[in-house]
Every structure is written in C-alpha cells, then in structure tokens.
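Summary of the model geometry
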Amino acid sequence: MKKFIALLFLGATAFISAQNISGRFSSSLYTFERYDSLKSSEQYLRAYEMLNLNLNYKKVSVRSYLNFETDVMTKMESDPRLRFYNLYFEARDIMDIATVRLGRQPIINSIAGGVYDGGSLTLKKNNFKLNAYFGGNVPAYQEFKLIENFEENFLYGGKFTTTIIPNFQFGVGYVNKNFQPQKYTANRLNPDLNPIQVDIENKSNQ
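Just so we're clear, the structure is a prediction, and the values are computed from it rather than from any experiment. (Residues numbered from 1 in each chain as written. Predicted model: local features only at pLDDT ≥ 70, side-chain atom pairs only at ≥ 80, totals over all residues. Heavy atoms only, no water.)

Observations regarding the side chain of Ser 64
Going by this rule: A run of H or I in DSSP counts as a helix once it spans at least four residues, and a run of E counts as a strand once it spans at least two, with each numbered from the N terminus. The cut-offs for exposure are 20% and 50% of the maximum accessible area for each residue type, with area from a 1.4 Å probe on protein chains only; residues under the lower value are buried, those over the upper are exposed, and the others partly exposed.
Tracing the chain through its elements places Ser 64 in strand β3 (residues 60-71). We classify Ser 64 as buried; its relative accessible area is 4%.

Remarks on the nonpolar core
Under the convention used in this document: By convention a nonpolar core is built from buried Ala, Val, Leu, Ile, Met, Phe, Trp, Tyr and Cys residues, the set being connected through side-chain atoms within 4.5 Å.
By size, the foremost hydrophobic cluster in this structure holds seven residues: Leu 51, Leu 53, Leu 55, Val 62, Leu 66, Phe 84 and Leu 87. Residue assignment for this core shows that the elements contributing at least two residues are β2 (41-57), β3 and β4 (81-94). A total of three residues in this core trace back to one element, the largest contributor, which is β2. Ile 107, Tyr 116, Tyr 133 and Leu 155 belong to the second-largest nonpolar core, a separate cluster that totals five residues.

Concerning the sheet that holds strand β5 (residues 98-108)
By way of backbone hydrogen bonds, the strands of a sheet pair with one another, either parallel or antiparallel. Note the following rule: Here a strand pair is declared whenever DSSP counts at least two bridges between the two strands. Axes here mean lines fitted to C-alpha atoms, for a helix over just the part in contact, with angles spanning 0 to 180 degrees between N-to-C directions.
In spatial order, the strands read β1-β2-β3-β4-β5-β6-β7-β8-β9; together these nine strands make up an open sheet with antiparallel pairing. A single partner strand is all that each edge strand has here, and the edge strands are β1 (20-35) and β9 (170-177). On average, each strand axis in the sheet is tilted by 15° relative to the strand beside it, whichever way the strands run.

Regarding the packing of aromatic side chains
So the rule is basically this: Aromatic pairing here means that ring centres of Phe, Tyr or Trp (its six-membered ring) are within 6.5 Å. Orientation follows from the plane angle: under 30 degrees is stacked, over 60 is edge-to-face, and everything else is tilted.
In total, this model carries 12 aromatic pairs according to the counting rule given. Here the aromatic rings of Tyr 30 and Tyr 48 are separated by 6.1 Å at their centres, their planes lie at 10°, and the arrangement is stacked. Placement of the pair is Tyr 30 in strand β1 and Tyr 48 in strand β2, with a sequence separation of 18 residues. Here Tyr 30 falls in the partly exposed class, since its relative accessible area comes to 41%.

A closer look at the side chain of Asn 67
Heads up, the rule is: For this analysis, a polar contact is any N or O atom pair within 3.5 Å, provided that within protein one partner can donate a hydrogen and the other can accept it, and provided that sequence-adjacent residues contribute only side-chain to side-chain pairs. It only takes one pair of heavy atoms within 4.5 Å for two residues to be counted as in contact.
The topology assignment puts Asn 67 in strand β3. Relative accessible area serves as the criterion here: at 11%, Asn 67 is assigned to the buried category. Within the structure, the side chain of Asn 67 is placed 3.3 Å from the backbone oxygen of Glu 49, a separation counted as a polar contact. Once residues lying within four places of it in the same chain are set aside, the contact partners of Asn 67 are Tyr 48, Glu 49, Met 50, Arg 81, Leu 82, Arg 83 and Tyr 85.

A short note on the pairing of β5
As paired strands, β4 and β5 are joined by six bridges and run antiparallel to one another. The partner of Glu 90 across the bridge, within β5, is Arg 101. The turn linking β4 back onto β5 is made up of three residues, and Met 95 within it adopts a positive phi angle of 55°. Inspection of the sheet shows β5 paired to strand β6 (residues 113-125) by 11 bridges, in the antiparallel sense. Note that in β6 the partner of Pro 106 across the bridge is Val 115.

Here we look at the pairing of β4
Across a regular strand the side chains alternate sides, sitting on one face of the sheet and then on the other. Taken together, the 10 bridges between β3 and β4 define a ladder with antiparallel strand orientation. Residue pairing for β4: Asn 67 is matched across the bridge by Arg 83.

Re the environment of Gly 157
For Gly 157, the position within the fold is in strand β8 (residues 154-162). Spatially, the C-alpha atoms of Gly 157 and Gly 135 are 9.7 Å apart, while their sequence positions differ by 22 residues. In contact with Gly 157, other than residues within four places in its own chain, are Asn 131, Ala 132, Tyr 133, Tyr 174 and Val 175.

Notes on unusual backbone geometry
Of note, the bond from Asp 79 into Pro 80 is cis; its omega dihedral lies within 30 degrees of zero at -15°. Turning to its location among the elements, Pro 80 is positioned in the loop between β3 and β4. Positive phi values are uncommon outside glycine, yet Asn 149 reaches one of about 35°. Since its relative accessible area comes to 32%, Asn 149 is described here as partly exposed. Even without being glycine, Leu 193 reaches a positive phi, approximately 65°. Within the fold, Leu 193 resides in the loop between β10 (184-189) and β11 (195-200).

This is the structure in structure tokens:
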C-alpha cells in the first residue's frame, strides 16, 4: 500500500512538465471523553486528513480522493486507517466521442450510488449520450484492495440520455447491483425467554 502511494506521488513528476497538478489537502481534529464506568474514562483526540489530488496531462488524468484517520491520545483497534474513495485513470474525448475510466470511481444515478472498482465507458455525440459501467463493490472501510467473492459483489449497468428536444432531457437506465451482506451473531431469546446466540444471515444480495 505505502509503496503504491509513493509511486503515485512520484509519478506526478511525469505530469509537471506537461500540464498541471491540482488538489486540496485539509486536516481536522476533534476530542471526546468516553466513560467505561462512573469513575473510569478515557480521553480521545481524533485526527483526520483528507487529500484530493488530480494529475492532468492534456486529455488524460489520474484522479484520487483519500482520507487518513487515527487517534493522537488513545489508539483504537482500527487505528490508523486509510480510506481510498477515488483512484482512477481517465482518458477524455477519444476520437471526440469517448471517455474511459479505469479504477475506483464514483457512480451516481437515481437507483444506486457510491463507488466501485472497475471500468466505465461514456460515448457522447451531439445530443446523445450513452454510459456503461461494470465492476466490483468496494471492501469495507474503502480499503485499497479488491473485494473477495467478486461473483457475489458486483454491479453493472448503463444509461442513455438525449437532449434532442430543446430544454428537455430524456433518459433510460438500468443498474444491477449485487452485495453479499456479512454474517453476524446476535443475542436472542428462546421460547423459554433464555438468551441464546443466533447466526444472522441475509440470503438476498440484490
């Protein structure tokens, strides 16, 4: 992971002589106190750093959006945690008609939203636009790795839109998103009202 991030930033030097590098970095802190009992508590100081970095060369870009979080005072079990929300390659206006994206990228439509690992193709000509995409769901906490059991965690779809009539936009789309929920154990009461542990498993993944 660290080697990949280093290569990403070192690769920025290849873009410097050509076009531009744009981005934004922000950092924030907040603190709270958590009580384990009336006389026992722990102080926390959470730190969040966000980086949005775009490397642009003519009609080609590498776009990224990541977040790093940890605690300065009391380390939590998950600290430190690095989340990759976006990291994809984009080539625009290929033959003045196509745009291609490969990597972790956003999907926004009226049915499903979020990010996925995969590819998308957009064709645009005059008043007509066609977008198609295919890929896998992102692992928990936006980890920088491909999700396991891809056959149960994938999505694909597309959308066709037109503005052939002035001041109107018409579109038709389709999304098939599959997500396999994780199993978990919960406490429940049996018929005699005694607590027992039950395995909870959601069979549906669509």
